[in-house]
Amino acid sequence: KAKEKVQWVCSNCGYSAGQWWGVCRSCSVAGTMKEVKFSGTDGMVSGFSVLEDGVGSWLPQQEGEMRPLRLAEVNRGLDIHHWRIPLTGPFGDEVSRVLGGGLVPGSLTLIGGDPGVGKSTLLLQIAAIIAEGQNDGESSPVVYVSGEESVEQIGNRADRLRIESDIYLYSSNDVEDILKKVQYLSPGALIVDSIQTVYLKGLMGSPGGIMQVKECTSALLRFAKKTNIPVLLIGHVTKSGDIAGPRVLEHIVDVVLYMEGEKYSSYRMLRAVKNRFGSTDELGVFEMSHSGLQAVSNASEMFLSEQHLDSEILAGLAVAVIMDGSRTFLIEIQALCLSGSTGTREVNGIPLKRANMIISVLIKQAGLRIQEDAVFLNVVSGWSLTETAGDLAIAAAICSSCLEIPIPNDIAFIGEIGLGGELRMVPRMEKRVYTVAKLGFRMCIVPKVAEKALGTDGFEKMEVVGCRNLKEVINTVF
Ligand code: TYD
Ligand code: MG
């Protein structure tokens with residue numbers, strides 16, 4: 001039978017001692033030491049949920065509360081199926097994937113983003129998914145605490161999102177008050193909207209100030225670890241690089257996600273910038289609809305411009321195939337060559353050095369006479385190209401504009417360009433080519449080495465054409 005261990009814990013500050021004291025040795029308040037029995041194996045301190053009211057258990061830790069644990073002790077009784085809470089909802093498994101396979105119990109996740117990007121919407125939807133439980137039928141309530149909006153406002157949003165799950169709404173700014181009430185409900189998750197609006201009593205500074213933001217986050221982290229309740233925290237990013245913004249919190253929390261979106265686009269991206277439980281190179285893609293965030297069905301082609309899908313095509317457009325996380329996107333590159341100009345180069349979404357290199361290679365190795373031309377380059381939809389896989393599409397777009405010959409809109413380009421004008425292999429070639437084929441393209445231009453490696457299987461209707469250098473590409477396409 002497991003030994004029972006008795007401790008005396010101050011209900012005011014959480015100080016614990018092996019014996020009773022009339023006055024707490026830590027916070028000097030009288031009559032607060034309460035007897036607490038731990039029945040964990042060999043005296044293992046199993047957390048403070050047994051504490052009366054739970055008061056003070058998330059305040060800074062006192063010595064003697066924890067001890068080093070054996071690996072076997074830590075892993076004992078861990079149900080592998082509950083290791084992560086899957087989050088599959090109207091937005092597919094986007095959030096789960098960005099988190100590295102689901103939400104980890106006892107983790108603290110920070111979701112940052114510009115005001116109005118859709119953080120509250122996303123988290124209310126996540127709350128609904130957790131509250132409904134997944135296919136194993138297990139459900140638990142979720143508490144959504146807002147320091148920004150009234151309960152009615154959150155209720156209205158839930159109505160709009162057609163959410164009818166078991167969610168508790170609470171409007172409060174006092175962290176101690178929040179945690180006390182939440183612990184009592186022992187929910188499946190706690191959501192706090194936002195870190196800038198909550199405060200800890202007895203701490204200097206106003207809500208949103210650096211002290212408050214840091215200490216409140218630490219309190220929420222201790223709460224998550226002790227109760228095993230996952231906590232999701234919203235943080236606004238302010239333009240002026242505000243020090244009390246979520247950036248200072250990145251080292252405190254377990255996971256940091258950023259939500260991004262172009263101002264006039266309904267697409268929203270969720271990106272992990274830190275993840276103690278998974279990789280950080282995953283990207284979630286959503287569309288903000290009238291009823292919340294939804295999965296994007298055409299994610300691969302969402303960056304192709306309208307005119308590209310039209311039958312009448314302009315010269316100077318070429319499609320590149322780029323990757324972000326495990327996702328493939330087709331992106332349109334636009335070029336405009338203006339002859340008899342002064343040789344200016346203006347780029348948008350492409351590093352200027354890379355653009356200059358490609359232009360020089362085209363002049364020297366492919367005989368394109370654009371020395372005196374003004375060259376404008378643009379990546380559609382405000383995407384920034386960081387991969388060399390887009391080199392070939394950039395070169396093709398420039399050729400197309402210079403020669404004034406449009407490239408048929410069912411041709412895509414993949415490949416890096418070397419200084420000799422040769423085409424080079426890029427990572428994850430097969431995945432890229434496969435995406436292009438799936439979207440019904442007729443032809444995909446790749447480096448010769450890639451053509452051999454890929455073979456011709458699996459891309460039945462699409463021709464995969466391997467080229468050694470830029471000259472071969474020009475002869476094939478124009
Ligand atoms: P919100 O989640 O409040 O943003 P944040 O918490 O990041 O400040 O939502 C921002 C915008 O999203 C708001 O302008 C309205 C819009 N929206 C929709 O388009 N559809 C919806 O279903 C909801 C709830 C909001
Ligand atoms: Mg909000």
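Along each chain, numbering runs from 1 in the same order as the chain's sequence is written. Chain letters and ligand numbers both follow the written order, the letters beginning at A and the numbers at 1. Reporting in this predicted model follows two pLDDT cut-offs: at least 70 for local features of residues, and 80 or more for side-chain atom pairs to be given and counted; totals over whole chains, interfaces and linings ignore these cut-offs and use all residues.

The protein appears in an unreviewed UniProt entry as RecA family profile 1 domain-containing protein from Psophocarpus tetragonolobus.

### Observations concerning the sheet that holds strand E12 (residues 292-295)
Strand pairing follows a simple DSSP-based rule, namely that at least 2 bridges must link the two strands. Secondary structure counts use DSSP, requiring at least four H or I residues in a row for a helix and at least two E residues in a row for a strand, with both numbered from the N terminus. The nine strands are arranged E6-E5-E7-E8-E4-E9-E10-E11-E12 in an open sheet whose pairing can be described as mixed. At either end of the open sheet lies a strand with only one pairing partner, and these are strand E6 (167-171) and E12. The average undirected angle you get between the axes of adjacent strands in this sheet is 25°. Note that strand E4 (residues 108-113) and strand E8 (residues 231-236) share six bridges and pair parallel. Directly across from threonine 109, in E8, lies its bridge partner leucine 232. Here helix H4 (residues 151-160) sits on the sheet and contacts strand E5 (142-146) and E6; the angle it forms with E6, its principal contact strand, is near 145°. In the packing of helix H6 (residues 210-227) onto the sheet, the strands contacted are E4, strand E7 (189-193) and E8, and the crossing angle to E8 comes to about 165°. Orientation is described by lines fitted to C-alpha atoms, with helices fitted over the stretch in contact, and by angles between N-to-C directions that extend from 0 to 180 degrees. Residues are defined as contacting one another if the C-beta atoms placed from their backbone atoms lie within 7 Å.

### Description of the site of ligand 1
Residues are classed as near a molecule or strand if the C-beta position derived from their backbone is within 6 Å of it. Near ligand 1 you find 15 residues, and of these Gly118, Lys119, Ser120, Thr121 and Gly292 are the closest. Broken down by secondary-structure element, the contributors of at least two residues to the shell around ligand 1 are helix H3 (119-132) and H4. For the shell around ligand 1, the leading source of residues is H3, giving three residues. Tallied by class, residues from the shell around ligand 1 come to four nonpolar, eight polar and three charged. Three classes are used: nonpolar for Ala, Val, Leu, Ile, Met, Phe, Trp, Tyr, Cys and Pro, charged for Asp, Glu, Lys and Arg, and polar for all others, with Gly counted as polar.

### Describing the nonpolar core
Nonpolar cores are built from buried Ala, Val, Leu, Ile, Met, Phe, Trp, Tyr and Cys residues. These are joined into a set through C-beta atoms within 7 Å. Counting other C-beta atoms within 10 Å of a residue's own tells you its class, since 20 or more makes it buried, 12 or fewer makes it exposed, and anything in between is partly exposed; those C-beta atoms are placed from the backbone. Residues Ala127, Ile191, Val192, Leu220 and Val231 are the most contacted members of the largest nonpolar core, which totals 64 residues. With near-sequence residues (within four places) excluded, leucine 220 lies in contact with Leu108, Val192, Val231 and Leu233.

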